[in-house]
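Summary of the model geometry
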Amino acid sequence: MKKDLTVGLVLRKDGRYQRKEMIGGVWKTFSAKTPAEVWGKIADAKEEHEEKEQQEKAKASAGPLFETVANEYEIIVSGMKEGTKRSYLPAIKRAKTEFGEYRMREIEPYMIAEFLRGPEMAGRAATTVSNQKTVINNIFQYWIDSPKWRGDINPATQTKMPRGLHKGKRQPPTTAEVQIVKEHYLDPDALLPVAYLCTGERRGEMCAIQLKDIDFERNIISISKTVTHIGNEPILNDFTKTPAGIREVPLLGMLKDALQPIRTLPKNTYIVGLKTEPITRKQYDILWARFWKKYGVAQAVPKTKQVHRRNRVETVKYTVWKVPVCGHQFRHEYVCMLAMAGVAEEIAIQLVGHANAKMIHEVYLSIKPQMMEDARKKLESVL
C-alpha cells in the first residue's frame with residue numbers, strides 16, 4: 001500500500017505543505033509545494049545535524065587547538081625572567097604559526113621533526129632549535145598538567161633533534177685585547193674589562209656587584225643578584241641566572257688594585273658606573289666603548305638620523321663606536337685561565353656558576369695557544 005506523504009503535514013492557505021520538527025533540541029519549520037519536498041528537507045536537515053555532531057565529537061576527542069593552549073602558556077612565560085622570555089616568546093610565536101590550527105591530538109612526532117628541520121628553522125643555531133623543541137614540549141606538558149584539559153600525549157618527547165646543526169661557539173678575546181687590559185688595568189676606564197677578566201661574570205651579574213659584596217680582607221666577591229635591562233632601564237633582581245649562579249669567586253690582585261681608588265665610596269656603590277643605582281644599558285655601552293676607543297680597538301661607524309628642528313625635518317650626522325669584543329668573551333677567557341691554572345673541574349664549575357661541566361666543555365673552553373704549547377711540552381717529555 002502506498003504511503004500517504006501528507007500524513008503529519010499541514011496544508012497552509014497558500015497551498016504549501018508545512019511541518020515542525022525538533023532537530024538537535026531546536027524546533028524548526030519546513031515548507032514546500034509538495035509533501036515529498038518537505039520530507040526531503042527534513043531528512044537533509046537531520047543528516048546535516050548528525051554530521052555536525054560527529055564533527056564536534058571528533059574535535060572534542062582531538063583536544064583543544066594548539067594555539068589556545070600555546071596562548072595560555074605564553075602568559076606564563078611572560079611572567080618569567082627576561083632571558084627566558086627573550087628565548088621562549090619567539091619560539092612560541094613560531095610554534096603557533098606552524099601548529100596553531102591543529103588540535104593537540106592531531107599533532108604527531110613526525111610533524112614536529114619536519115618543522116625542526118624545515119625552512120623556518122633552517123640556518124638557526126643548535127641552541128635555538130633546541131629551545132624551539134623545548135617550548136613545544138612545554139606547551140604539550142602544560143596541556144597534560146592542566147586540570148581543565150587533562151591532556152594525555154606529548155609527541156615532542158618522541159622527537160629527536162635534527163643532526164648536523166650549527167653549534168655556535170663564541171671565541172675568547174684575542175691575545176692582543178687581553179694584553180691591552182693587562183697593560184692598562186690601573187686606568188680608571190679599564191675597571192669594567194678588568195673586572196670581566198678577573199671574575200668571568202655574566203653582564204647581569206657584573207652590573208649588580210656593589211662594594212659591599214667585596215670582602216677585601218678575605219679576597220672574595222659574593223655573587224647573589226643580577227641586573228636585567230628592559231629596553232634601556234635597569235631592573236635589579238635578587239637572584240642569578242640559575243641557582244648555581246649564587247656563589248663566591250676569588251678577588252684577584254689585578255682587580256683588587258684597580259678597585260683601590262674607589263674603596264672609600266659608599267658601600268652600596270655599584271662598581272660598574274660607580275653610582276648607587278645600576279646603570280642603564282646606554283650608559284653601559286658608553287662605558288664599555290670608552291676604554292676600547294681610548295686604545296684604538298673601537299671602530300667609528302658614521303650614522304644619520306632625522307630630527308625635527310624649527311618646524312622642519314633635518315638630517316643629523318653622528319658617530320657610534322663599534323667594539324669587536326664584548327664582556328661575555330672574557331667569561332670564555334676566564335674558563336681558559338682556570339684550565340691553564342690547573343684548577344680542578346669541580347671547583348671551576350662552581351666559580352663560573354654552572355650546575356655541571358657540559359656548558360664549560362661545549363661552549364666556553366677554547367684551546368688557547370699557551371694551552372697547546374703546554375700540551376706539546378708535556379707530550380715531548382713523555383715521548
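Anything mentioned here points back to the structure above.
A quick note: this is a predicted structure, and the numbers were derived from the prediction, not measured.

1. As for the overall build of the chain
Secondary structure assignment for the chain yields 14 helices and 10 strands. For 383 residues, the compact-globule estimate of 2.2 N^0.38 gives 21 Å, and the chain exceeds it by more than 25% at 33 Å. Once the C-alpha set of the chain is aligned to its principal axes, its extents read approximately 115 × 75 × 35 Å. Each of the 383 residues in the chain was classed as buried or not, and the buried ones make up 39%. Within the chain, contacts between residues at least 6 apart in sequence are counted, and of these 58% link residues at least 24 apart. When the accessible surface of the chain is summed, it comes to about 23000 Å², and 53% of that surface belongs to carbon and sulfur atoms. For the chain, the centre of its 62 positive side-chain charges and the centre of its 46 negative side-chain charges are spaced 4 Å apart.

2. Comments concerning the nonpolar core
The biggest cluster of nonpolar side chains holds 41 residues, and the ones touching the most others in it are Leu255, Leu259, Ile271, Val272, Trp292 and Phe330. The set of elements that each furnish at least two residues to this core consists of helix H6 (175-183), helix H7 (191-199), strand E5 (220-223), helix H9 (253-259) and helix H10 (281-294). In terms of residue count, H7 provides more of this core than any other element does, seven residues in total. Those residues in contact with Val272 that lie beyond four places of it in its chain are Leu192, Met206, Cys207, Ile279, Tyr284 and Leu287.

3. Here we look at the packing of helix H2 (residues 66-78) against helix H3 (residues 82-99)
The interhelical angle for the contact between H2 and H3, taken along N-to-C directions, is 170°, at an axis separation of 10 Å. Judged by the inter-axis angle, H2 sits roughly antiparallel to H3. For the pair H2 and H3, contact is made by Phe66, Glu67, Ala70, Asn71, Tyr73, Glu74, Val77 and Ser78 and by Lys85, Tyr88, Leu89, Ile92, Ala95, Lys96 and Phe99, respectively.

4. Some points on helix H4 (residues 109-116)
Where H4 is concerned, the buried positions are Met111, Ile112, Ala113, Phe115 and Leu116. Where H4 is buried, its residues meet H3 and helix H5 (126-145).

5. Thoughts on the sheet that holds strand E1 (residues 10-11)
Read across the sheet, three strands follow the order E1-E2-E3 without closing on themselves; strand pairing throughout is antiparallel. Both edges of this open sheet fall to E1 and strand E3 (26-32), since each of them pairs with a single strand only. Across seven bridges, the pairing between strand E2 (residues 17-23) and E3 is antiparallel. Looking across to E3, one finds that Glu21 is bridged to Lys28.

6. Points about unusual backbone geometry
Glycine aside, residues mostly have negative phi angles, and peptide bonds mostly take the trans form. A positive phi is found at Asn219, a non-glycine position, where the angle reads about 60°. Even without being a glycine, Leu274 presents a positive backbone phi close to 55°. For Leu274, the position within the fold is in the loop between H9 and H10. Residue Leu274 is classed as partly exposed on the basis of its relative accessible area of 41%.

7. Comments concerning the pattern of salt bridges
A full pass over the atoms with the stated rule returns 20 salt bridges. For the salt bridge of Arg247 with Glu201, the shortest nitrogen-to-oxygen distance reads 2.6 Å. Of the two residues, Arg247 is situated in strand E8 (residues 247-250) and Glu201 in the loop between H7 and helix H8 (203-206); the sequence distance between them amounts to 46 residues. Look at Glu201 and you get buried, because its relative accessible area is 0%. Two residues, Glu314 and Arg312, come together in a salt bridge whose shortest N-O distance is 3.1 Å.

8. Quick look at the pairing of E5
Here two bridges tie strand E4 (residues 214-215) to E5, and the two strands are oriented antiparallel to one another. Paired with Ile214 across the two strands is Ile221, which belongs to E5. Here E4 folds back onto E5, and the loop between the two strands holds four residues, one of which, Asn219, carries a positive phi near 60°. Pairing between E5 and E8: four bridges, direction antiparallel. In the sheet register, Ile223 faces E8, and the bridge partner there is Arg247.

Procedures and definitions
Residues numbered from 1 in each chain as written. Predicted model: local features only at pLDDT ≥ 70, side-chain atom pairs only at ≥ 80, totals over all residues. Heavy atoms only, no water. Helix = DSSP H or I, 4+ residues; strand = E, 2+ residues; numbered from the N terminus. Rg over C-alpha atoms; globule rule 2.2 N^0.38 Å. Buried < 20%, exposed > 50% of the residue type's maximum accessible area, 1.4 Å probe, protein only. Contact = heavy atoms within 4.5 Å. Areas by Shrake-Rupley, 256 points an atom, 1.4 Å probe, with all protein chains shown as cover. Lys, Arg positive; Asp, Glu negative; His and termini not counted. Charge placed at Lys NZ, Arg CZ, Asp CG, Glu CD. Core = buried A, V, L, I, M, F, W, Y, C linked by side-chain atoms within 4.5 Å. Axes fitted to C-alpha atoms, helices over the stretch in contact; angles between N-to-C directions. Parallel < 35°, antiparallel > 145°, perpendicular 65-115°, else oblique. Pairing = 2+ DSSP bridges. Salt bridge = Lys/Arg side-chain N within 4 Å of Asp/Glu carboxyl O.

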